[in-house]
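Here is how the chains run, residue by residue.
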Amino acid sequence: MNPIKPTASPSGPVTSRTVPTGARRSRPAPSTWLTTTDGRALAATWTEPQGPTRAVTVISSATGVPRGYYRAFSEWLSERGHAVLTYDYRGMGDSRQGPLRQERASMRDWAVHDMSAALAAGEARRAGKDLPLMLVGHSFGGNSIAFAQGVERADALLMVAAQIPTLQHFPGWRRHATAVFFRAWVPAVSRLMGHLPAWANGGGEPLPREVALQWCDWGVRESWAFSDPTMTPHRAAAAVVAPVHLWNVADDLTYAPPGAVDALASQFRNAAVQRHTVHAAELGLPFLGHFGAFRRSAGPALWSRWMDPLEAAVPALRPA
């Protein structure tokens, strides 16, 4: 790998990237549309159980990854009785409106408005039914969920490769590559092109200009968006008291190293936090990485490991 020419992942800068193939070829038709408080329409899909609904789950995507990438996991959860909501952030996937160069979405919009709209839909789905609400966040979907309105009302949070992806948490040469990525590469390409193309982001989907620039701004701060004064009114991590389980992947050092995941865990100081690590060898796989956790190749063997401790902490999540 060449550390001089960085590319990006949904969670942080890297020098090579295996593009999540499901993000490109798996795009379910929207079964519903969410409306944010500032009037944007977001494409979303409900994956419903065949039998009685026992829980409601909202999955928030990694940066540059559309909702279809989580289809296999959504279907697996639905078999366990979960009604599962996946959605595309504004400017992404089926939520894109018009040319990307004209899109003014920011990461702040994703966290404050889009995630809040998804949580509201989850709350509405369980209203009057006494169903637990679980939030699943992959990478950005986990490290920014604490800015969404109503996060403190969730019954459980499952975070996969979610972290505070700032410079000090990347080990060795990766820290230098991260600095080049945030301070030079992404700002230059985004301003030149009017957006961050997929080739400059290592794959996945292209990003709106302001999303890319805010990603860089947060990436060089001490504590990601938690250090941004404009995000202070929306900080709700301290209000979460539910079980919060954070998983890092042992071979995911460039995207979500353990220290970065630990840093995010420390934000939930009043929650019932548990930290977990998974090794690819435990699943009979040579490599898992940042995206492998949601692929069918990992599948139920890994997903059961995620759910077992959460179901022990929140018995209402258990399947019949």
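Residues numbered from 1 in each chain as written. Predicted model: local features only at pLDDT ≥ 70, side-chain atom pairs only at ≥ 80, totals over all residues. Heavy atoms only, no water.

**Re unusual backbone geometry**
Next up, step 1: Unlike most non-glycine residues, Asp 130 shows phi in positive territory, near 55°.
Next up, step 2: Positionally, Asp 130 belongs in the loop between α3 (107-126) and β7 (133-138). (Helix = DSSP H or I, 4+ residues; strand = E, 2+ residues; numbered from the N terminus.)

**Overview of the sheet that holds strand β3 (residues 32-35)**
Next up, step 1: What the eight strands build is an open sheet, ordered β3-β4-β6-β5-β7-β8-β11-β12; its pairing is mixed. Two strands close off the open sheet at either side, each with one partner strand: β3 and β12 (272-278). Adjacent strand axes in the sheet meet at a mean angle of 25° when their direction is disregarded.
Next up, step 2: With four bridges connecting them, strand β8 (residues 156-160) and strand β11 (residues 243-249) associate as parallel partners. By the bridge assignment for β11, Leu 158 is matched with His 245. (Pairing = 2+ DSSP bridges. Axes fitted to C-alpha atoms, helices over the stretch in contact; angles between N-to-C directions.)

**A look at the pattern of salt bridges**
Next up, step 1: All told, the structure shown has 16 salt bridges when counted by the stated rule.
Next up, step 2: Among the ionic pairs, Arg 67 bridges to Asp 88, the shortest N-O distance being 2.6 Å. With Arg 67 in the loop between β5 (55-60) and α2 (71-79) and Asp 88 in the loop between β6 (82-87) and α3, the pair connects residues that are 21 residues apart, well separated along the chain. Summarising the burial analysis for this pair, Arg 67 and Asp 88 share the class buried.
Next up, step 3: Put simply, Asp 155 and Arg 126 hold a salt bridge, and the shortest N to O gap is 2.6 Å. With Asp 155 in the loop between α4 (140-143) and β8 and Arg 126 in helix α3, this pair connects stretches of sequence that are 29 residues apart.
Next up, step 4: For Arg 126, a relative accessible area of 13% corresponds to the buried category. (Salt bridge = Lys/Arg side-chain N within 4 Å of Asp/Glu carboxyl O. Buried < 20%, exposed > 50% of the residue type's maximum accessible area, 1.4 Å probe, protein only.)

**A closer look at the nonpolar core**
Next up, step 1: Of all hydrophobic cores here, the largest spans 101 residues; its most connected members are Phe 73, Leu 157, Phe 268 and Trp 306.
Next up, step 2: Considering every element that reaches this core, the biggest residue donor is α3, with nine residues.
Next up, step 3: Among residues more than four places away in sequence, those in contact with Trp 306 are Phe 73, Leu 158, Val 160, Trp 247, Ala 293 and Phe 294. (Core = buried A, V, L, I, M, F, W, Y, C linked by side-chain atoms within 4.5 Å. Contact = heavy atoms within 4.5 Å.)

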